[in-house]
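Letter by letter, the chains look like this.
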Amino acid sequence: MAQTGQKVFNVGVVGYGMSAKVFHIPFITITPAFKLHSILQRSPKPESSAPADYPSLQHFQSMEPFLADAALDVVVLTTTPDTHFALAKQALEAGKHVFVEKPFVPSAAEASALIAIAAAHNRQICVYQNRRWDSDFQTVRKLLSSDALGRVYEFETHFDRYRADRPTSWKGELGMSQGGSALYDLGTHLVDQVYALFGMPTGVFAKLVDQRAGRVLGPEDPTVEPDGVNMQLFYPAGLIVHVRIGVLSAETRQPRFWIRGSKGSYHKAGLDTQEDQLKAGMKTSDSQFGRDSEEWHGQLVTVGDDGKINETVCPNVEPVTYKKIYELFGEALRGNGAVPVPASEARDVLCILEAAKESAMTRREVALS
């Protein structure tokens, strides 16, 4: 059961890689409902040591004593996706709330199991789908909610880069069955944003490709682990969503959004700035955090009452930044509002990704209820 009042929850972080250092700890430390309490790092090294960086915290190297700490309230999992199910299950059964990096878990079945465990222990799960708070996506939300584009009939979302070398991290090592590949790493972000806007599609068609090797997942080549995705999601009233991910896109301005509606269209290039800013060491309090430079502003095209086409520059809305997901989760635990990304929504996104795999293997559209 969620807590009430102004309780401050002690947070323990599992893992001490880039995810913990860049995407979680900076936000935990500025969230009123949370206090950074402990870190579990299995093998501290001189070049990366949580005890050295945070000497005043509690430090652990294994889950059992970490979870046995009665003062610990919330566990943040920043480890690789193949570990999420077992670690989240352990934390929930120990009576802790859980905040899980994306992708949530490798399968919708595992997501359902964790939802049941959380309910049995009266604990909450939130999934770190932070890109719901990208400034460009917040701009898209505003355009759609204000009916600036009319009835949207085509929505194109991209995560394209030029990276000819395969990554040497888990992103290049884990397969789809473990929550790896571009489908789960980046597809989780893009499909989650689409889900947040439009809900579950009625059908999915997908081609999953290893662009670097020139292979296509299918019955003739069933072992492909894709680094490229070309997916279509179908919705009522004729809306078609295109989800595209690529690693060999040689562009100076990578496409991000192209949305077309009955009264206008919106074009946006370039990824949200927050990730690069955080990696470069920018503080979350910096006035430029989450802001695009003018050269990356979007373009809005609308049809006037006189039928004329008008094009204007469309800057992003005022950034709310990734701190919002932490603020909302903290308030949800206090009893003020809903969990911002509940496990049930993450499970729905996993169902869409699983339909994409089925479509790629069967070469047909897969219907979703």
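Residues numbered from 1 in each chain as written. Predicted model: local features only at pLDDT ≥ 70, side-chain atom pairs only at ≥ 80, totals over all residues. Heavy atoms only, no water.

Undergrad: In this structure, what is going on with the overall build of the chain? I would like to understand it.
TA: Summing up its helical and strand segments, the chain has 12 helices and 16 strands in all. Radius of gyration (C-alpha) of the chain: 21 Å, near the 21 Å computed for a compact globule of 369 residues. Per-residue burial over the chain gives 51% buried out of 369 residues. Within the chain, counting contacts between residues at least 6 apart in sequence, those at least 24 apart form 72% of the total. (Helix = DSSP H or I, 4+ residues; strand = E, 2+ residues; numbered from the N terminus. Rg over C-alpha atoms; globule rule 2.2 N^0.38 Å. Buried < 20%, exposed > 50% of the residue type's maximum accessible area, 1.4 Å probe, protein only. Contact = heavy atoms within 4.5 Å.)

Undergrad: Looking at this structure, I do not really get the nonpolar core. What am I missing?
TA: The nonpolar side chains of soluble globular proteins are, as a tendency, buried together. Residues Phe 104 and Met 231 are the most contacted members of the largest nonpolar core, which totals 100 residues. A total of 9 residues in this core trace back to one element, the largest contributor, which is helix H12 (residues 343–362). Filtering out sequence-adjacent residues up to four positions away, Phe 104 remains in contact with His 84, Ala 111, Leu 114, Ile 125, Val 127, Ala 343 and Ala 346. (Core = buried A, V, L, I, M, F, W, Y, C linked by side-chain atoms within 4.5 Å.)

Undergrad: So what exactly am I meant to see when it comes to empty space enclosed by the protein here?
TA: Gaps left between atoms are located by rolling a probe of water-molecule size over the structure's atoms. One pass over the structure, following the stated rule, counts 2 cavities of 30 Å³ or more. Contributing to the lining of the largest cavity are Pro 103, Phe 104, Gln 129, Thr 188, Ala 346, Val 349, Leu 350 and Leu 353. With 4 residues, the top contributor of residues to the lining of the largest cavity is H12. Residues of the lining of the largest cavity, tallied by class, amount to 6 nonpolar, 2 polar and no charged. Within this model, the second largest cavity holds a volume of roughly 30 Å³. As for the second largest cavity, its lining consists of His 158, Phe 159, Asp 160, Gln 254, Pro 255, Arg 256, Gly 270 and Leu 271. Elements with a contribution of two residues or more to the lining of the second largest cavity: strand S7 (152–160) and strand S12 (255–261). For the lining of the second largest cavity, the leading source of residues is S7, giving 3 residues. Tallied by class, residues from the lining of the second largest cavity come to 3 nonpolar, 3 polar and 2 charged. (1 Å grid on protein atoms, 1.4 Å probe; cavity = no way out; pocket = protein on both sides within 12 Å on 5 of 7 lines; lining within 4 Å. Points joined across faces, edges and corners; volume = space filled by probe spheres on them. Nonpolar A, V, L, I, M, F, W, Y, C, P; charged D, E, K, R; others polar.)

Undergrad: Could you clarify how one ought to interpret the environment of Pro 51 in this entry?
TA: Position of Pro 51 relative to the elements: it lies in helix H2 (residues 50–53). Counting along the chain gives 273 residues from Pro 51 to Lys 324, while the straight-line C-alpha distance between them is 28 Å. For Pro 51, the residues in contact, after removing those within four places along its chain, are Gln 41, Pro 44 and His 59.

Undergrad: I would appreciate a short explanation of the sheet that holds strand S4 (residues 74–77) in the present structure.
TA: Sheet strands pair via backbone hydrogen bonds, and the direction of the pair is either parallel or antiparallel. The parallel open sheet is built from 6 strands, whose spatial order is S3-S2-S1-S4-S5-S6. Whereas interior strands pair on both sides, the edge strands pair on one side only; in this sheet they are strand S3 (58–60) and strand S6 (125–128). Averaged over all adjacent pairs, the angle separating strand axes in this sheet is 25 degrees, with direction ignored. Sheet topology note: the strand S1 (residues 9–14)/S4 ladder contains 4 bridges and is parallel. Residue pairing across strands places Gly 12 opposite Val 75, the latter belonging to S4. (Pairing = 2+ DSSP bridges. Axes fitted to C-alpha atoms, helices over the stretch in contact; angles between N-to-C directions.)

Undergrad: Could you clarify how one ought to interpret helix H6 (residues 135–145) in this entry?
TA: Residues spaced three or four apart along an α-helix point in a common direction, a consequence of the helix completing one turn every 3.6 residues. All buried positions along H6 are accounted for by Ser 135, Asp 136, Phe 137, Gln 138, Thr 139, Val 140 and Leu 143. Within two residues after H6, Asp 147 carries a phi angle of roughly 65 degrees, on the positive side.

Undergrad: What is the right way to read the state of the cysteines from this model?
TA: Cysteine pairs can be linked by a disulfide, which is a covalent bond between their two sulfur atoms. One pass over the structure, following the stated rule, counts 0 disulfides. Between Cys 126, a free cysteine, and Cys 351, which holds the nearest cysteine sulfur, the sulfur-to-sulfur gap is 18 Å. Residue classification places Cys 126 among the buried positions, given a relative accessible area of 0%. (Disulfide = S-S within 2.5 Å.)

Undergrad: Sorry, what's going on with the layout of surface pockets here?
TA: By volume, the second largest pocket amounts to about 270 Å³. Element by element, the count of residues in the lining of the second largest pocket is highest for helix H1 (residues 18–28), at 4 residues.

Undergrad: Would you mind showing me how to read the pattern of salt bridges here?
TA: Side-chain pairing between opposite charges can occur once the charged atoms of the two side chains come close. Applying the stated criterion across every chain, the model contains 21 salt bridges. With its nearest N and O atoms 2.9 Å apart, the salt bridge here joins Arg 131 to Asp 134. Neither Arg 131 nor Asp 134 differs from the other in exposure class; each is buried. Connected through shared salt-bridge partners, Arg 131, Asp 134, Glu 275 and Lys 279 make up one network. (Salt bridge = Lys/Arg side-chain N within 4 Å of Asp/Glu carboxyl O.)

Undergrad: Is there a simple way to think about the packing of helix H9 (residues 187–198) against H12 in this case?
TA: Between two packed helices, both the angle of their axes relative to each other and the distance between the axes serve to describe the pair. Contact geometry of H9 with H12 gives a least axis separation of 10 Å together with a crossing angle of 115 degrees. The orientation of H9 with respect to H12, classified from their angle, is roughly perpendicular. Crossing hand, H9 versus H12: right-handed. Judged by residue contacts, Gly 187, Thr 188, Val 191, Asp 192 and Tyr 195 of H9 engage Glu 345, Asp 348, Val 349, Ile 352 and Leu 353 from H12. (Parallel < 35°, antiparallel > 145°, perpendicular 65-115°, else oblique. Left-handed = near helix turned anticlockwise from the far one by under 90°.)

Geometric descriptors of this kind do not, in isolation, establish any biological role.
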